[in-house]
Amino acid sequence: VQLVESGGGLVQPGGSLRLSCAASGFTFSSYAMRWYRQAPGKARELVAAFGSVGGITNYADAVKGRFTISRDNAKNTDWLQMNSLKPEDTAMYYCNAIRSRIIYWGQGTQVTVSS
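Keep in mind the model is a prediction, meaning the values are calculated, not measured.

Overview of the overall build of the protein
Okay, so step 1: In terms of regular secondary structure, the protein is built from zero helices and eleven strands.
Okay, so step 2: From first element to last, N terminus to C terminus, the protein shows the α and β order β-β-β-β-β-β-β-β-β-β-β.
Okay, so step 3: Structurally, the protein occupies a C-alpha span of about 40 × 25 × 25 Å along its principal axes.
Okay, so step 4: By the burial criterion, 40% of the 115 residues in the protein qualify as buried.
Okay, so step 5: Look at the contacts in the protein between residues 6 or more apart in sequence, and 53% of them connect residues 24 or more apart.
Okay, so step 6: In the form shown here, the protein has an accessible surface area of approximately 6000 Å², with 48% of it arising from carbon and sulfur atoms.
Okay, so step 7: Here the protein carries 12 positive and 7 negative side-chain charges, and the mean point of each set is 5 Å from the other.

In structure tokens form, the structure reads like this:
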């Protein structure tokens, strides 16, 4: 089982990034996909989620209207489009797949928002 994130980097405030999470080794379509982030000295927090059924998405209040989660089950990939980035969005971003009690994590990709 692998979840591999990519797309992080350094961006100026107001800029955009698109994170990708490539999955392998499990039935991707059966899992809800989530993105978490963890800033230094802070707890890991849920940023966005995309359910496995019905296309239901949820977002943390801090990112609503700026971030969009999407998935393509045929490509075993999901994405997090991040617009209007703010310095407080700086964190390590992790991809997560969950089904019942089974949870998989990626290794993370760093996002730094700074001028």
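We are not done yet, so read on.
Here we look at the sheet that holds strand β3 (residues 17-24)
Okay, so step 1: Pairing within the open sheet is antiparallel, and its four strands lie in the order β1-β3-β8-β7. The open sheet has two edge strands, β1 (2-6) and β7 (67-72), and neither has a second partner. Neighbour-to-neighbour, the strand axes of the sheet open up by a mean angle of 15°, direction not taken into account.
Okay, so step 2: In this structure, β7 lies alongside strand β8 (residues 77-82), joined through six bridges in antiparallel fashion. Across the sheet, Ile69 pairs through a bridge with Leu80, a residue of β8.

Rules behind the numbers
Residues numbered from 1 in each chain as written. Predicted model: local features only at pLDDT ≥ 70, side-chain atom pairs only at ≥ 80, totals over all residues. Heavy atoms only, no water. Helix = DSSP H or I, 4+ residues; strand = E, 2+ residues; numbered from the N terminus. Buried < 20%, exposed > 50% of the residue type's maximum accessible area, 1.4 Å probe, protein only. Contact = heavy atoms within 4.5 Å. Areas by Shrake-Rupley, 256 points an atom, 1.4 Å probe, with all protein chains shown as cover. Lys, Arg positive; Asp, Glu negative; His and termini not counted. Charge placed at Lys NZ, Arg CZ, Asp CG, Glu CD. Pairing = 2+ DSSP bridges. Axes fitted to C-alpha atoms, helices over the stretch in contact; angles between N-to-C directions.

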